[in-house]
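Structure assessment
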Amino acid sequence: QWLVNEGNLQVVANCVWAVTVTGFDSKGSNNLQTRLWDHLMEMDVRSLSDQALNQIMYTKAVARAEGVTLKDPPTELQMRLGRIQPLIQSSKRQTAVITQLHELCFDHDVEVSPFEDTPGGMLAIDMACKERMVAI
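Calculation criteria
- Residues numbered from 1 in each chain as written.
- Predicted model: local features only at pLDDT ≥ 70, side-chain atom pairs only at ≥ 80, totals over all residues.
- Heavy atoms only, no water.
- Buried < 20%, exposed > 50% of the residue type's maximum accessible area, 1.4 Å probe, protein only.
- Helix = DSSP H or I, 4+ residues; strand = E, 2+ residues; numbered from the N terminus.
- pLDDT = per-residue confidence, 0-100.
- Lys, Arg positive; Asp, Glu negative; His and termini not counted.
- Salt bridge = Lys/Arg side-chain N within 4 Å of Asp/Glu carboxyl O.
- Polar contact = N/O pair within 3.5 Å; in protein donor to acceptor, adjacent residues only side chain to side chain.
- Contact = heavy atoms within 4.5 Å.
- Expected span 1.5 Å × (residues − 1).
- Arc of directions from axis to C-beta.

In terms of burial, helix α3 (residues 32-42) is largely enclosed, as eight of its eleven residues are buried. Among all positions in α3, only Leu 32, Gln 33, Thr 34, Leu 36, Trp 37, His 39, Leu 40 and Met 41 are buried.

Have a look at this one:
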């Protein structure tokens, strides 16, 4: 209860992320995940770095993928989230495969989100060709 009421911004963001990815206490209407998220959405998030904003964006996306509905961030936070670039890092091996697929004239998108309204990133499909309905 203390964390939900008194935790500082980064601690709350880290904990809601941890609870979300582990699935710990994420069921029911008054679960820890929802209480932490709601508290985070009421905090002043103007000082958060882009990396922390990515964490918030990924938390919402992972929760959605798990069938958990978290309330939408306030408008100001949604605008900030819309301006950041997801932290995407392709490995050397992935980059080589992408290059080879292009050389074979297999046109595809890289780091594609499975959701229409969520940027790519942690939940991204590495490579996808919508025309051929192929995803890697």
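Read on, since the account is not over.
Glancing now at the confidence of the model for the protein chain. A low pLDDT score tells you not to read the predicted coordinates there in detail. Taken over all residues, the pLDDT of the protein chain has a mean of 75, while the share at 70 or more is 70%. The spread of mean pLDDT over the elements of the protein chain runs between strand β2 (residues 125-129), the lowest at 63, and α3, the highest at 88.

Its location among the elements puts Arg 80 in helix α5 (residues 75-83). Buried and unpaired, Arg 80 has no salt bridge, with Asp 50 as the nearest side chain of opposite charge at 4.9 Å. At 2.8 Å, the side chain of Arg 80 and the backbone oxygen of Leu 48 are in polar contact. If near-sequence neighbours (up to four positions away) are discounted, Arg 80 is found in contact with Val 45, Arg 46, Ser 47, Leu 48 and Leu 53.

The terminal C-alpha atoms of helix α2 (residues 9-22), which comprises 14 residues, lie 20 Å apart, in line with the 20 Å expected from a rise of 1.5 Å per residue. By the burial criterion, the buried members of α2 are Leu 9, Val 12, Ala 13, Val 16, Trp 17, Val 19 and Thr 20. All buried residues of α2 lie within an arc of 165° about the axis, which places them on one face of the element.

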